[in-house]
Amino acid sequence: MAGKSALITGITGQDGSYLAELLLSKGYNVYGLIRRTSIDSTSRIQHLLDAGKIELLGGDILDQLSLIQALQKSGAEEMYNLASMSYVKASWEHPVATADYTGVSVTKALEAIRAVNPKIKFYQASSSEMFGKVQETPQKETTPFYPRSPYGVAKLYGHWITVNYRESYNVFACSGILFNHESPRRGMEFVTRKIAYNVAKIKLGLSDSFSLGNMDAKRDWGFAGDYVKAMWLMLQQDKPEDYVIGTGETHSVREFVDLAFNHVGIKDWQKYVKVNEKHMRPAEVELLLADASKANRGLNWKPSASFKELVAMMVDSDLRLLKNESSDNRH
């Protein structure tokens, strides 16, 4: 087949599904690595599978041989490593598994590239959680890291091993230090989706309250569809470099809640939302704010969706989802 080939690990996730769509729109042959034993739902990419547009390859990011075979079978010229234990709270419950799946797996991917074809370009999904207890605001590529969770620590290992392979073996390997990015495809365990879904339920009279943790935590939230474009752009450059990707705006969880309720015409939202200690993290990251000026300049990248548009998009999507479910139940 004509066109470049790309292999995406974590293709069933939010970012993987948007990235697959983007690459297909650019004429790529898209392959995804999926665990043979995976309970991961393919719902986010089902429309692509049904249309025969992507091919899934069985494997595991901790199994060196399966990574090598996937690179060989796909003939990938680009590899996007998006697979990890991606939920910060769960990383406290499974710190060793997080170290393996989020950290060590990156080395295995880079070793697989060296074994198959050192010219394969590699994208590593780094995270703003590596900044953790922030040492300066806003955070840019040169800001010192201070992770505050097993997830952040594991991501930092993945980040630095990528730098080491780039500098030691001349692999075209780069990391995107992505700040929080959300979408209607976000998993229910994430606070943004939890808010959007529950606000939609309350609006439709299906629920009368829900509980949240720290309402004052602030994040730099963007739209995932914009962020996968930055991943692709990084691998199209003449030389591999790392980039911070974010909106440069920070908003609290409370603001997200306020906008979501306002969007459905509910002003007195306080009576629907309870704060519950059990949703608090052992070590909170209070403020994340991106300085993406390097990406603005070097990649000509800017986010397209505003914070308000993002919240509206997520709430509207969940309203449609819940209406469809209830009409399905009636039939």
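Our subject in this report is the structure included herewith. Predicted, not measured: the structure shown is a model, and the values here were computed from it.

Conventions and cut-offs
- Residues numbered from 1 in each chain as written.
- Predicted model: local features only at pLDDT ≥ 70, side-chain atom pairs only at ≥ 80, totals over all residues.
- Heavy atoms only, no water.
- Salt bridge = Lys/Arg side-chain N within 4 Å of Asp/Glu carboxyl O.
- Helix = DSSP H or I, 4+ residues; strand = E, 2+ residues; numbered from the N terminus.
- Buried < 20%, exposed > 50% of the residue type's maximum accessible area, 1.4 Å probe, protein only.
- Axes fitted to C-alpha atoms, helices over the stretch in contact; angles between N-to-C directions.
- Parallel < 35°, antiparallel > 145°, perpendicular 65-115°, else oblique.
- Left-handed = near helix turned anticlockwise from the far one by under 90°.
- Contact = heavy atoms within 4.5 Å.
- Nonpolar A, V, L, I, M, F, W, Y, C, P; charged D, E, K, R; others polar.
- Pairing = 2+ DSSP bridges.
- Core = buried A, V, L, I, M, F, W, Y, C linked by side-chain atoms within 4.5 Å.
- Phe/Tyr/Trp six-rings, centres within 6.5 Å; stacked < 30°, edge-to-face > 60°.

A short note on the pattern of salt bridges
Within this structure, the stated rule accounts for twelve salt bridges. Note that Glu55 and Lys73 form a salt bridge whose closest N and O atoms lie 3.5 Å from each other. Linking Glu55 in strand 3 (residues 54-58) with Lys73 in helix 3 (residues 64-74), this pair joins segments that are 18 residues apart in sequence. The exposure class assigned to Lys73 is exposed, which follows from its relative accessible area of 57%. Among the ionic pairs, Lys140 bridges to Glu136, the shortest N-O distance being 3.5 Å. Since its relative accessible area comes to 29%, Glu136 is described here as partly exposed.

What about the packing of helix 5 (residues 95-116) against helix 6 (residues 150-169)?
It is the contact of helix 5 with helix 6, at a shortest axis distance of 8 Å, that shows an interaxial angle of 15°. Our classification of the angle between helix 5 and helix 6 gives roughly parallel. By crossing handedness, the relation of helix 5 to helix 6 is classed as right-handed. From helix 5, Pro95, Thr98, Ala99, Thr102, Gly103, Val104, Val106, Thr107, Leu110, Glu111 and Arg114 reach across to helix 6, where they touch Pro150, Tyr151, Ala154, Lys155, Tyr157, Gly158, Ile161, Thr162, Tyr165 and Tyr169. Considering only residue class, the contact of helix 5 with helix 6 consists of twelve nonpolar, six polar and three charged.

A few points about the packing of helix 1 (residues 14-25) against helix 8 (residues 224-235)
Remark: helix 1 packs on helix 8, axes separated minimally by 9 Å, with the N-to-C direction vectors making an angle of 65°. Read as a crossing pair, helix 1 and helix 8 show a hand that is right-handed. For the pair helix 1 and helix 8, the contacting residues are Gln14, Asp15, Tyr18, Leu19, Leu22 and Leu23 in the first and Ala224, Gly225, Val228, Lys229, Met231 and Trp232 in the second. Its residues assigned to classes, the contact of helix 1 with helix 8 comprises eight nonpolar, two polar and two charged.

Quick look at the pairing of strand 6 (residues 173-178)
Most of strand 6 sits inside the fold, with six of its six residues counted as buried. Of the two faces of strand 6, the one lined by Ala173, Ser175 and Ile177 and the one lined by Cys174, Gly176 and Leu178 are each fully buried. The pairing of strand 5 (residues 121-127) with strand 6 spans six bridges and is classified as parallel. Looking across to strand 6, one finds that Ser127 is bridged to Leu178. Relative to strand 11 (residues 243-245), strand 6 runs parallel, the two sharing three bridges. Bridged to Gly176 within strand 11 is Tyr243.

Remarks on the nonpolar core
Grouped together as the largest cluster of nonpolar side chains are 64 residues, with contacts concentrated most on Tyr80, Ile245 and Phe261. If one sorts the elements of this core by residue count, helix 8 sits on top with nine residues. Beyond its immediate chain neighbours, meaning those up to four positions away, Ile245 contacts Ile177, Leu178, Phe179, Tyr227, Ala230, Met234, Ala290, Ala292, Ala295, Leu299 and Trp301. In terms of nonpolar packing, the next biggest core, distinct from the first, is built from 23 residues, Tyr31, Ala109, Tyr165 and Ala173 among them.

Here we look at the environment of Val228
Note that Val228 resides in helix 8. C-alpha separation for the pair Val228 and Ser17, spaced 211 residues apart in sequence, amounts to 9.5 Å. If sequence neighbours within four positions are ignored, Val228 has contacts with Asp15, Tyr18, Leu19 and Leu22.

A look at the packing of aromatic side chains
Where two aromatic rings form a pair, the distance of their centres and the angle of their planes describe that pair. One pass over the full model with this rule turns up 13 aromatic pairs. Ring centres 6.3 Å apart and planes at 15° place the aromatic pair Phe210 and Phe261 in the stacked group. Of this pair, Phe210 sits in strand 8 (residues 210-212) while Phe261 sits in helix 9 (residues 253-263), and the two are 51 residues apart along the sequence. On the basis of relative accessibility, which here comes to 0%, the residue Phe261 falls in the buried class. Every member of this aromatic cluster is reached through a ring pair, and the members are Phe131, Phe145, Trp160 and Phe179.

Some thoughts on unusual backbone geometry
Leaving glycine aside, a negative phi is the common case for residues, and trans is the common case for peptide bonds. For the peptide bond that leads from Thr137 to Pro138, omega is -5°, which places it in the cis range. By the secondary structure assignment, Pro138 is in the loop between strand 5 and helix 6. The backbone of Asn170 shows a phi angle near 60°, a positive value even though the residue is not glycine.

Let's talk about the environment of Val264
Structurally, Val264 is set in the loop between helix 9 and strand 13 (273-275). Classification of Val264 as buried rests on a relative accessible area of 7%. It is 8.2 Å that separates the C-alpha atoms of Val264 and Val315, two residues lying 51 residues apart in sequence. Non-local contacts of Val264, meaning those with residues more than four positions away in its chain, are made with Val199, Lys203, Val315 and Leu319.

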